[in-house]
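Coordinates in review
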Amino acid sequence: MRPAPTDTEAWNAYLAEGNARQARKRVSADVILRDLAGRILTVNPTYKEGWDLPGGMAEANEPPDQAAVRELREELGLEITIHRLLVVDWVAPHGPWDDQIAFIFDASTLPPARAERVRPHDDELSEAVFLPAAEVADRLRVRQRYRLNAAVRAIADGGTRYLRGGVEAW
């Protein structure tokens, strides 16, 4: 039986039980960060194969946009501002992983002096380079390539894309 919300202790226990039974989602938060030539920052992680957009996994109870800001600070020494949401992609369970929600945010453009100084700041990345969108797409795994392409379209038309497994849902 559901307790009355006026019984604070019982109500909090009831909510905690429900929270413990509900699904937990992994959340990734990447950014599109460009230089003045319109090239997109791309990073080469040391802990997995292939290249990636800058960003990473959100920590427990961390908002996705703040996770992206934190990851760029930790991995690249960059203080960025998120300007808007470009893509949300629901990723089905794969390999040992449960499903995931992947976000891509627009972090706009770095001035030339800052773009020239972008370098990895920890051992999670071996390289960070600005590349044309087509070259970035060639370096990404298929799932990420779909997200990148949707993000580029969203930047061009001012919209936001919702994907399911990399495919635009609507």
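Everything that follows concerns the structure shown earlier in this document.
First, a word on what this report is: a plain description of the structure on this page. (Residues numbered from 1 in each chain as written. Predicted model: local features only at pLDDT ≥ 70, side-chain atom pairs only at ≥ 80, totals over all residues. Heavy atoms only, no water.)

Focus on the overall build of the protein chain
Selection rule: Note on conventions: DSSP H or I runs of at least 4 residues are helices, E runs of at least 2 residues are strands, and numbering of each starts at the N terminus. The cut-offs for exposure are 20% and 50% of the maximum accessible area for each residue type, with area from a 1.4 Å probe on protein chains only; residues under the lower value are buried, those over the upper are exposed, and the others partly exposed. Contacts: residue pairs with any heavy atoms within 4.5 Å of one another.
Within the protein chain, the regular secondary structure consists of five helices and eight strands. Order of helices (α) and strands (β) in the protein chain, N terminus to C terminus: α-β-β-β-α-β-β-α-β-α-α-β-β. For the protein chain, the spread of C-alpha atoms along the principal axes amounts to about 60 × 35 × 35 Å. Taken over 170 residues, the protein chain has a buried fraction of 40%. Long-range contacts, defined as pairs at least 24 residues apart, comprise 63% of the intrachain contacts of the protein chain with a sequence gap of at least 6.

Topic: the packing of aromatic side chains
Applicable threshold: Only the six-membered ring of Trp is used, alongside the rings of Phe and Tyr, when aromatic pairs are assigned; centres must lie within 6.5 Å, and planes under 30 degrees apart are stacked while those over 60 apart are edge-to-face, with the rest tilted. Definition used: whenever NZ (Lys) or CZ (Arg) falls within 6 Å of the ring centre and also within 35 degrees of the ring normal, the charge is taken to sit over that ring.
On inspection of all chains with the given rule, the structure shows three aromatic pairs. Where F103 meets F105, the ring centres are 5.8 Å apart and the plane angle is 5°; that geometry is what we call stacked. Owing to a relative accessible area of 17%, F103 belongs among the buried residues under this scheme. For F105, a relative accessible area of 7% puts it in the buried group. We note R139 situated over the ring of W51; from NZ or CZ to the ring centre the distance is 4.3 Å.

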